[in-house]
Structure formats: C-alpha cells, structure tokens
Protein chains: 2
Amino acid sequence: MNPLIHEVFQKTRLLQKELNQALKQHNLFASQWTVLYCVYRHGELTLTDIWKYLNVEAPTITRTVTRLETLGWLRTFAGKDRREKFVQLTEEATAKLPEIEATILAFEKRAVGSLTEEEQNLLLTLLKKME
Amino acid sequence: MNPLIHEVFQKTRLLQKELNQALKQHNLFASQWTVLYCVYRHGELTLTDIWKYLNVEAPTITRTVTRLETLGWLRTFAGKDRREKFVQLTEEATAKLPEIEATILAFEKRAVGSLTEEEQNLLLTLLKKME
DNA sequence: TTATGATAATTACCTAAGTAAATAATCAGG
DNA sequence: CCTGATTATTTACTTAGGTAATTATCATAA
C-alpha cells in the first residue's frame, strides 16, 4: 500500500486507541465524546445536524445517541416536525463536561506536541488539500 | 476537538470508504486486501507476523484470515511449532492479485494526486513525526 | 383532499478494530 | 521429567463505522 495512505491509517488507529485510553477515566469512548462535545458546543441539535456535521452516516449517530441516552449523558425529545429528534445534554453531563474537556485538551497537546505550531498548520493544510 | 486530529480522523474515514468502494468490484474490503497484500509480498507468514507487521491486535487478524479462508483467498496450515498458524495465498488469489493491485494503484494515485511529490513526502514525514 | 414524493430516523446486517480471558503448545529450571 | 512461565491463537463481548431497506411524517400538486 502507498506508504502515505498506510501511515494515515496507522496513525489514526493509534490516536483513536490513545484517546480511548485517556477517556477511560470518564467512562467514555472517543466517538461518544465527539457527539457530546458537539452538543455541548452547539446546544440542542437534531440527529441529522450531528451526522452531517461529523460527516458520518445517520445510523452511526442513532446508535451513539441511544447509548449516551441510556448512560445518562443525553436526553432526547421530538421537534415540531415530529420526524426529527432533538438532543440535549443532561445536567450530569453539563456538570462533568468541563473536566472531561480538560482531559481532552491535555491529550491533544501531547498528541500534536512533537510538532511545532508551524508544522501543525502545514500538516492540516496538506491533509485538507489531499481531497 | 483539535482541528488537526479531527481532520486526520475525517480523512481516514473518507479514504477507507473510498477504498472499499474501489475494491467492491473484486468483492473485497480494504482490510481484507491489506492482509492479502501482506501475504502476497512476503510469502508464507504466521498470524503473529501479520498483526505485528500491520500494527493491529491479534484477534483482528484471526477474524480477517478466517474470513479470507472461507472466501477462498487464503489457505492455512500449522508450523513445526504447532501453536503457530501459517498463511498462504490460494492459486485463485495468486491469479487475481495482480489485477487487484492495479485497481489499488489507480485508487492511490487518485487519492494522493492533488499533492505534489514533495508535498507527499512532507506529509508523510510530518505524520511520522507526530508520535 | 388525497396520492405522491421527499425527508428523518431506525432496523437489520456487515466489516474493522479493541480488551479481557481462555486454550493449547512450547520452553526453561530445578 | 515435571512444573511454571511464556507464547500463539482463539473466544466472547464491545465500540465504530458502513449499506440497504423500512417506517413515520411532512409537503405539495393534481
């Protein structure tokens, strides 16, 4: 396989694994946190809002939201258009999120820490250019 | 989430999806091809050889190899040390692989095509440096 | 007003990866 | 030569993603 593509896959697997490790103390998985953070930043959202924003398919979000609901992080309710399902954080989630965010920031700092600011920007640019 | 990490995840999801699409005509999934190619290049390998080389956990390879075996791409046999399981390509796989490799090369060329050779090298270097 | 087409979410089923624990074979020391 | 440790693989269970098809609701045109 092309070494570049191989490296992207490799790096992602490792990053995801490490992120899961870092989130273990909060009883969360990486993708669950991604959804939580999304709702945290944007307030009430529909499932469609979420999966379009995160660029994944709808069933993925149905699953993760259902799980987060049973775990007590999220609450859902129907909108005026009763096809859509809105999502909001529970009080417990709201209370816990800042601490989790700190964990994430520490992880991210470590993860990209071996690159200078300039290199990070360059890497981001190259990834985006590689469409 | 840090935009850089987010972009790596995003890009990988997309790449994997596209690679699966490209491999559909050969009735293969990306990870299956990765294992096949590994055996294609290195000849007979044990499961441990494969998962260490690909940097994934052992159960992942057990599963993929089992699947590829039932699909007729791979054959397995015990080594002298009867704990280890060796893997080799079947004749059908050997016959088909060159054509599949061509598909892959075309895909890869397209996937990294928006970057110059120099940018590709730079991107690879930066990814590897981001440990 | 109702039939039709579009949209939101879900369901069922698949690959892909992980962890933890179990099994089986081998190896090393006493 | 036996026992305990190590190694290779597997099993069971979980997250994370995908596609295809289904269900429920909505909007609109005849």
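A brief structural summary.

### What about the overall build of chain A?
Per the secondary structure count, chain A includes six helices and three strands. Counting from the amino terminus, helix and strand elements in chain A follow one another as α-α-β-α-α-β-β-α-α. In terms of its C-alpha atoms, chain A occupies a principal-axis envelope of roughly 50 × 30 × 25 Å.

### A word on the nonpolar core
Of all hydrophobic cores here, the largest spans 26 residues; its most connected members are Ile5(A), Val8(A), Ile5(B) and Val8(B). The set of elements that each furnish at least two residues to this core consists of helix 1 (3-23) and helix 6 (117-129) of chain A together with helix 1 (3-23), helix 5 (91-112) and helix 6 (117-129) of chain B. With sequence-adjacent residues up to four places away left out, Val8(B) is seen in contact with Val8(A), Lys11(A), Thr12(A), Leu15(A) and Leu127(A).

### Looking at the sheet that holds strand 3 (residues 85-89) of chain B
Strand-to-strand pairing in sheets goes through backbone hydrogen bonds, with the strands running parallel or antiparallel. All names here are of chain B. With antiparallel pairing, the three strands of this open sheet are ordered in space as 1-3-2. This sheet does not close on itself; its edge strands, each paired only once, are strand 1 (45-46) and strand 2 (74-78). With two bridges connecting them, strand 1 and strand 3 associate as antiparallel partners. The residue bridging Leu45 from the neighbouring strand is Val87, located in strand 3. Seen against the sheet, helix 4 (residues 58-70) touches strand 2 and strand 3 and runs at an angle of roughly 115° to strand 2.

### Side note on the interface of chain A and chain B
Size of an interface, as often reported, equals the accessible area lost when the parts are brought together. Taken together, the contact pairs 32 residues of chain A with 32 residues of chain B. Looking at the side of chain A that touches chain B, the elements with two or more residues in it are helix 1, helix 2 (30-42), helix 5 (91-111) and helix 6 of chain A. Its residues placed into classes, the side of chain A that touches chain B shows 18 nonpolar, seven polar and seven charged.

### Notes on the relation of the copies chain A and chain B
Two chain copies here: they are related by a rotation about an axis and a translation along the same axis. Superposing chain A onto chain B requires a rotation of 180° together with a translation of 0.0 Å along the rotation axis, leaving an RMSD of 0.0 Å. The operation mapping one copy onto its partner corresponds to a two-fold rotation axis. When C-alpha distances to the rotation axis are compared across chain A, the minimum falls at Leu123(A), with a value of 3.1 Å. Interface overlap between copies is the fraction of interface residues in one copy that are interface residues in the other; for chain A against chain B it reaches 97%, indicating a shared surface.

### Points about the protein's contact with DNA strand D
For DNA strand D, the set of nearby residues contains 24 residues, the closest of which are Phe29(A), Ser31(A), Thr48(B), Pro59(B) and Thr62(B). Of all the elements, helix 4 (residues 58-70) of chain A adds the most residues to the surface near DNA strand D, at four residues. By residue class, the composition of the surface near DNA strand D is seven nonpolar, seven polar and 10 charged.

### Focus: unusual backbone geometry
Backbone geometry follows two general trends: most residues other than glycine have a negative phi, and most peptide bonds adopt the trans configuration. Residue and element names in this part refer to chain B. In this model, Asn27 sits at a positive phi of 55°, which is unusual for a non-glycine residue. Assignment of secondary structure puts Asn27 in the loop between helix 1 and helix 2 (30-42). Its identity is not glycine, yet Asn55 carries a phi of approximately 65°, on the positive side. Positionally, Asn55 belongs in the loop between helix 3 (47-54) and helix 4. Here Asn55 falls in the exposed class, since 11 other C-beta atoms lie within 10 Å of it.

### So, the sheet that holds strand 3 (residues 85-89) of chain A
All names here are of chain A. Within the open sheet, the three strands sit side by side as 1-3-2. Their pairing is antiparallel. If you trace the sheet from one side to the other, it starts and ends with strand 1 (45-46) and strand 2 (74-78), each paired once. Examined bridge by bridge, strand 2 and strand 3 share five bridges and lie antiparallel to one another. Bridging across to strand 3, Ala78 finds its partner in Lys85.

### Quick notes on helix 5 of chain A
Relative to the 30 Å expected for 21 residues at 1.5 Å per residue, helix 5 of chain A spans 30 Å between its end C-alpha atoms, a close match to the ideal helical length. Residue Leu97(A) marks the point of greatest curvature in helix 5 of chain A, where the axis turns by about 40°; the proline Pro98(A) follows within four residues.

Analysis parameters
- Residues numbered from 1 in each chain as written.
- Chains lettered and ligands numbered in written order.
- Predicted model: local features only at pLDDT ≥ 70, side-chain atom pairs only at ≥ 80, totals over all residues.
- Helix = DSSP H or I, 4+ residues; strand = E, 2+ residues; numbered from the N terminus.
- Core = buried A, V, L, I, M, F, W, Y, C linked by C-beta atoms within 7 Å.
- Buried ≥ 20, exposed ≤ 12 C-beta atoms within 10 Å, placed from the backbone.
- Contact = placed C-beta atoms within 7 Å.
- Pairing = 2+ DSSP bridges.
- Axes fitted to C-alpha atoms, helices over the stretch in contact; angles between N-to-C directions.
- Nonpolar A, V, L, I, M, F, W, Y, C, P; charged D, E, K, R; others polar.
- Least-squares fit on C-alpha atoms with pLDDT ≥ 70 in both.
- Near = placed C-beta within 6 Å.
- Expected span 1.5 Å × (residues − 1).
- Bend = angle between axes of the 7 residues up to and from the residue.

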